[in-house]
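Residue-level structure breakdown
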Amino acid sequence: MSSVATIALEARLKRVLRFMPAPVGIVTSVDPDSGAPVGLAMSALMPVSLDPCAMAICVNRQGSAHDALVRTGQFCINLLGPDQDAHIAPFADPAARDRRFAQADWRRRARDGMWYIDDAPANLFCTMRERVGYGTHDVIIGEVTDLFTSDSNDILGWANGAPGRLHPLS
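This section reports on the structure supplied with the text. It should be emphasised that the depicted structure is a prediction, and the values quoted were computed from it without experimental measurement.

**Quick word on the pattern of salt bridges**
Pairs can form between side chains of opposite charge whenever their charged atoms are close. Tallied over the full model, the rule gives ten salt bridges. Among the salt bridges present, the one from Asp138 reaches Arg61, with a minimum N-O distance of 2.8 Å. On the criterion of sequence distance, the pair formed by Asp138 in strand 10 (residues 137-149) and Arg61 in the loop between strand 5 (53-60) and helix 3 (66-72) is long-range, its members being 77 residues apart. Residue Asp138 is classed as buried on the basis of its relative accessible area of 2%. Overall, Arg61 belongs to the partly exposed group, its relative accessible area being 31%.

Put into structure tokens, the structure is as follows:
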């Protein structure tokens, strides 16, 4: 048996996923009891459908934002531009939780209290329609009910364990 085969499947998959490029964003919601904003950095997001318009996110059930997001039933996917990478660290590190909504470009929508990053390439406002548990995570499908876009189409990606730009080959 090769040495690669002796490494646990989970560890091998984690290594592969580390190098698999994906968009990175900040997903936000609001605690329905306190009204406080909650959020998490993630690359586990993807489009699901154009009819109806829908996005999926995968959220660890042990994560600090999970319960509030599910109870509120709404979330906003903030796709980041290359100059907005400073937003990642406060949402990825529990010790930095007090800095999560400290940047000056955060805005709160009056009609539902959802927080979004002003001038991000895209802010996709979603209402939860489906939730499927698998392993440690919930796959949450949200119908896109509104979206804001900036003039930028350059979104921040995640690969090799770090943020970076996603560029076409030609």
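**Things to note about the pairing of strand 6 (residues 74-79)**
Counting buried positions over the six residues of strand 6 gives five, a clear majority of the element. Bridging between strand 2 (residues 25-30) and strand 6 involves four bridges; their strand directions are antiparallel. Directly across from Ile26, in strand 6, lies its bridge partner Asn78. Sheet analysis places strand 6 next to strand 9 (residues 122-134), joined by six bridges and oriented antiparallel. Bridging across to strand 9, Ile77 finds its partner in Leu124.

**So, the sheet that holds strand 4 (residues 45-50)**
Strands belonging to one sheet form pairs held by backbone hydrogen bonds; the direction of such a pair is parallel or antiparallel. Strand order in the open sheet made by the seven strands is 3-2-6-9-10-5-4, with antiparallel pairing throughout. Lying at the two open borders of the sheet, with one neighbouring strand each, are strand 3 (37-42) and strand 4. In this sheet, adjacent strand axes meet at a mean angle of 30° when their direction is disregarded. One ladder, built from five bridges, connects strand 4 with strand 5; its direction is antiparallel. Considered in strand 5, the bridge of Leu45 is made with Ile57.

Reading the values: the criteria
Numbering of residues starts from 1 in every chain and runs along the sequence as written. Per-residue local features of the predicted model are confined to residues with pLDDT of at least 70, and side-chain atom pairs are confined, for both listing and counting, to 80 or more; whole-chain, interface and lining totals are unaffected and use all residues. With hydrogens and water set aside, each side-chain value is computed from the structure's full complement of heavy atoms. What counts as a salt bridge is simple: a side-chain nitrogen of Lys or Arg found within 4 Å of a carboxyl oxygen of Asp or Glu. Helix and strand assignments come from DSSP, with helices taken as H or I runs of at least 4 residues and strands as E runs of at least 2, each series counted from the N terminus. Note on exposure labels: buried denotes an accessible area under 20% of the residue type's maximum, exposed denotes more than 50%, and partly exposed covers the range between, all computed with a 1.4 Å probe on protein chains only. Two strands qualify as a pair provided that DSSP identifies no fewer than 2 bridges between them. To get an axis, fit a line to the C-alpha atoms, keeping to the stretch in contact for a helix; angles then go from 0 to 180 degrees between the N-to-C directions.

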